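Spelled out, the chains give:
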Amino acid sequence: MISRKQKTPKNIQERRLIQLICIMIPFSAMNIMMFNVALSDISEELNVSLSSTSWIVTIFGIVYAIGALVYGKLADLFGIRTLALFGVIIFSIGSVIGLVSQDFYVLIISRMLQGIGASSIPTLSMLIPVRFVQKERRGRALGIVASTLAFSSAVGPIIGGFIVGIGHWKALFLFSLAIVVTLPFGYKWLPKENLRKAEQFNYTGVVLLTITIVSFMLSITLLNLLLLLTSIVTLLVFIIQQNKSLIPLIPLTLFRNRDYRRGLIMGGINAAVNFGVLLITPLLFSQAYHLNETWVGLLLFPGAISAAFLGYIGGKLIDYKGNRFVMSFAISLISVGLLLYLLFLDIQL
C-alpha cells in the first residue's frame, strides 16, 4: 500500500496508466471469443454458410496475430501514445461499420479493422509498464495487466452470450464502440516519448506474410487451388525477402534452433486444437442442442475461466517441475477433455 507521503506525481501517473490499459484491454481481448456465440445467428440472418461465417472470427484472429507482431516493432518508430490512440480509433471505426453493415463482406471488413485496432492494445499494454513504471513496481504492474488479459478472455463468451441473448448480434459492435471513452484519457495520460532516429521497417514482409496466411485460409474454406498456389508463391517470396533483408520481420535463423522448432510445432498444434474447439462448440450448442446465446456463453465460461486460472498456476509449476512436466500434464488434460467431450455428446443426426 502506498502511503500519503509516497503518493508522488510519478506514482499517480503510473497508477493512471495501469487503470487506463486495464479498461482498454477487455474491449480487445473479449472480441476474440465474443462473436463465437453469434455465428449461428449471423449465418441465418445473412444467408451465409457456417464455414464462411467462421471467417468473422478467423479474420479477426489472423489480423490480431499479425498486428501483435508488428506493433511492437512500430512502437520504437511512432511511440506508444500514437499507436495506442490509432488502435482505439481504427477499432472504433470497425465497430461503427459492423454496427451499420447489411452485407457479409462489409461485416468481414469491419472485423478486419477491429483486428487492426484491437491488436495494438495487448502489445502496447505490455510495453507501457516496461517503459513508464519504475522497476520496483513493474512486476506488480505487469501482473495486473496479465491478469486483466486472462480474465477478459475468460468472460468474453459469457458477455457475448448475454448481449446476443437479450438483444441482437449487432449489439456486440455497440459494446465494442464503448472503447471511445478512453480516447481523451489516453491522449492526456499517455506520455510523449523521445523517439529514436527513424529506422526502416519491413513493410514488404508484413504484406507478403498477410497475403500468404489469408490466401491459405481462403483456399481451405473455398477449396480453391489458385489461392493455394498464391499462398505457396508468396511464402517462397517472403522467405527469399527475409533472407536478403537487413531488418527481417521474422529472423529465419530462429528456425535452425531445434528446441524452437519443436516449441513452435507444439504451440501450433495446441492453438489449432483450442481454436477449433472454441469455434465449433458454440455451433454445437446452438445447432444440435438448440440453446440460446446466453446459455452458450454460460457453458463456455467454466472452460475459459479454468484456462485462465491454470495458466497462472502453470507458470509457477514450471519453476518447480520444469517445462516438460507442465507440457505433458497440459497435453494430458486436453486429451482427456476431448475424449470426454466425444463420449458425452448426444447428437441425433
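Just so you know, these numbers come straight off a predicted model, no measurement behind them.

> I tried to follow the overall build of the protein chain on my own but got confused; where do I start?
Looking only at helices and strands, the protein chain features 15 helices and zero strands. Long-range contacts, defined as pairs at least 24 residues apart, comprise 77% of the intrachain contacts of the protein chain with a sequence gap of at least 6. When the accessible surface of the protein chain is summed, it comes to about 19,900 Å², and 69% of that surface belongs to carbon and sulfur atoms. For the protein chain, the separation between the mean place of its 27 positive charges and that of its 13 negative charges on side chains is 16 Å.

> Would you mind showing me how to read helix 6 (residues 104–118) here?
One turn of the α-helix equals 3.6 residues, which is why residues spaced by three or four share an orientation. Between its first and last C-alpha atoms helix 6 spans 21 Å; for 15 residues at 1.5 Å apiece the expected length is 21 Å, and the two agree. Within helix 6 the residues assigned to the buried category are Phe 104, Leu 107, Ile 108, Ser 110, Arg 111, Gln 114, Gly 115, Gly 117 and Ala 118. Measuring from the side-chain oxygen of the N-cap residue of helix 6 to the backbone nitrogen of Tyr 105 gives 2.9 Å; that N-cap residue is Asp 103.

> Mind showing me how you'd approach the packing of helix 5 (residues 80–100) against helix 7 (residues 120–132) here?
Describing two packed helices takes the angle between their axes plus the distance from one axis to the other. Running from N to C, helix 5 and helix 7 cross one another at 155°; their axes reach a closest spacing of 10 Å. One way to sum up the angle between helix 5 and helix 7 is to call them roughly antiparallel. Remark: the crossing between helix 5 and helix 7 carries left-handed chirality. Contacts from Ile 80, Leu 83, Ala 84 and Gly 87 in helix 5 reach Ser 120, Leu 124, Leu 127, Ile 128, Arg 131 and Phe 132 in helix 7. Among the residues forming the contact of helix 5 with helix 7, the class breakdown is seven nonpolar, two polar and one charged.

> Can you walk me through the environment of Thr 148 in this structure?
The residue Thr 148 is located in helix 8 (residues 135–166) in this model. Expressed as a C-alpha distance, the spacing of Thr 148 and Ile 21, which sit 127 residues apart in the sequence, is 9.3 Å. When sequence neighbours within four positions are dropped, the list of residues in contact with Thr 148 reads Cys 22, Ile 25 and Pro 26.

> Got a minute to help me understand the packing of aromatic side chains in this structure?
Given two aromatic rings, one states the distance between the centres and the angle between the planes to describe the pair. Per the stated rule, a full pass over the model turns up seven aromatic pairs. Measuring from centroid to centroid gives 5.6 Å for Phe 104 and Tyr 105, while their planes differ by 70°, and the two rings are edge-to-face. One Lys or Arg, Arg 81, reaches over the ring of Tyr 187 and ends 4.4 Å from the middle of that ring. Here the guanidinium or amino end of Arg 111 rests over the ring plane of Phe 35, the centre of that ring lying 4.0 Å away.

> How should the environment of Arg 138 be read in this particular structure?
The residue Arg 138 is located in helix 8 in this model. A relative accessible area of 26% places Arg 138 in the partly exposed class. Spatially, the C-alpha atoms of Arg 138 and Leu 317 are 22 Å apart, while their sequence positions differ by 179 residues. The residues touching Arg 138, leaving out its near neighbours within four places in the chain, are Pro 129, Val 130 and Val 133.

> What is the right way to read unusual backbone geometry from this model?
Where the residue is not glycine, phi is negative for most of them; where a peptide bond is considered, it is trans in most cases. Phi angles above zero are rare outside glycine, and Asn 47 is one such case at about 55°. Among the structural elements, Asn 47 can be located in the loop between helix 2 (39–46) and helix 3 (50–53). Since its relative accessible area comes to 73%, Asn 47 is described here as exposed.

> Teacher, can you tell me more about the environment of Leu 246 here?
Of note, Leu 246 is situated in the loop between helix 12 (225–244) and helix 13 (258–287). Given the relative accessible area of 85%, Leu 246 is considered exposed. Along the chain, Leu 246 and Ala 141 lie 105 residues apart, while their C-alpha atoms are 35 Å from each other.

> Where do I start with the side chain of Ser 125 in this structure?
Following the sequence through the fold, Ser 125 ends up in helix 7. On the basis of relative accessible area, Ser 125 is assigned to the buried category, the value being 2%. Discounting chain neighbours no more than four positions away, the residues touching Ser 125 are Ile 21, Ile 25 and Val 145.

> What is the right way to read a positive patch on the surface from this model?
A grouping of Arg 258, Arg 261, Arg 262 and Arg 324 is seen on the molecular surface, where their side chains present a positively charged patch. Among the structural elements, Arg 258 can be located in helix 13. On the basis of relative accessible area, Arg 258 is assigned to the exposed category, the value being 53%.

> Which parts of the structure should I look at to understand the side chain of Ser 152?
Structurally, Ser 152 is set in helix 8. Residues within four places of Ser 152 in sequence aside, it is in contact with Ile 25, Pro 26, Ala 29 and Met 30.

> Honestly, the nonpolar core in this entry has me stumped. Any pointers?
Across soluble globular proteins, you tend to see nonpolar side chains buried next to one another. Phe 35, Ile 42, Ile 56, Ile 128, Trp 169, Leu 172 and Phe 201 are the most contacted members of the largest nonpolar core, which has 63 residues in total. Ranked by residue count, the leading element in this core is helix 4 (residues 55–78), at 14 residues. Those residues in contact with Leu 172 that sit more than four places away from it in its chain are Met 34, Phe 35, Ala 38, Gly 160, Ile 163 and Val 164.

> Any chance you could explain the packing of helix 11 (residues 203–222) against helix 12 here in plain terms?
At a minimum axis separation of 8 Å, helix 11 and helix 12 run at an interaxial angle of 155°. Taken together, the axes of helix 11 and helix 12 lie roughly antiparallel to each other. Considering only the axes of helix 11 and helix 12, their crossing is left-handed. For the pair helix 11 and helix 12, the contacting residues are Thr 204, Gly 205, Leu 208, Leu 209, Ile 211, Thr 212, Ser 215, Phe 216, Leu 218, Ser 219 and Leu 222 in the first and Leu 227, Leu 228, Thr 230, Ser 231, Thr 234, Leu 235, Val 237, Phe 238, Gln 241 and Gln 242 in the second.

About the thresholds
- Residues numbered from 1 in each chain as written.
- Predicted model: local features only at pLDDT ≥ 70, side-chain atom pairs only at ≥ 80, totals over all residues.
- Heavy atoms only, no water.
- Helix = DSSP H or I, 4+ residues; strand = E, 2+ residues; numbered from the N terminus.
- Contact = heavy atoms within 4.5 Å.
- Areas by Shrake-Rupley, 256 points an atom, 1.4 Å probe, with all protein chains shown as cover.
- Lys, Arg positive; Asp, Glu negative; His and termini not counted.
- Charge placed at Lys NZ, Arg CZ, Asp CG, Glu CD.
- Expected span 1.5 Å × (residues − 1).
- Buried < 20%, exposed > 50% of the residue type's maximum accessible area, 1.4 Å probe, protein only.
- Polar contact = N/O pair within 3.5 Å; in protein donor to acceptor, adjacent residues only side chain to side chain.
- Axes fitted to C-alpha atoms, helices over the stretch in contact; angles between N-to-C directions.
- Parallel < 35°, antiparallel > 145°, perpendicular 65-115°, else oblique.
- Left-handed = near helix turned anticlockwise from the far one by under 90°.
- Nonpolar A, V, L, I, M, F, W, Y, C, P; charged D, E, K, R; others polar.
- Phe/Tyr/Trp six-rings, centres within 6.5 Å; stacked < 30°, edge-to-face > 60°.
- Lys NZ or Arg CZ within 6 Å of the ring centre and 35° of its normal.
- Patch = residues over 30% accessible without salt bridge, like charges linked within 9 Å, V, L, I, M, F, W, Y side chains within 5 Å.
- Salt bridge = Lys/Arg side-chain N within 4 Å of Asp/Glu carboxyl O.
- Core = buried A, V, L, I, M, F, W, Y, C linked by side-chain atoms within 4.5 Å.

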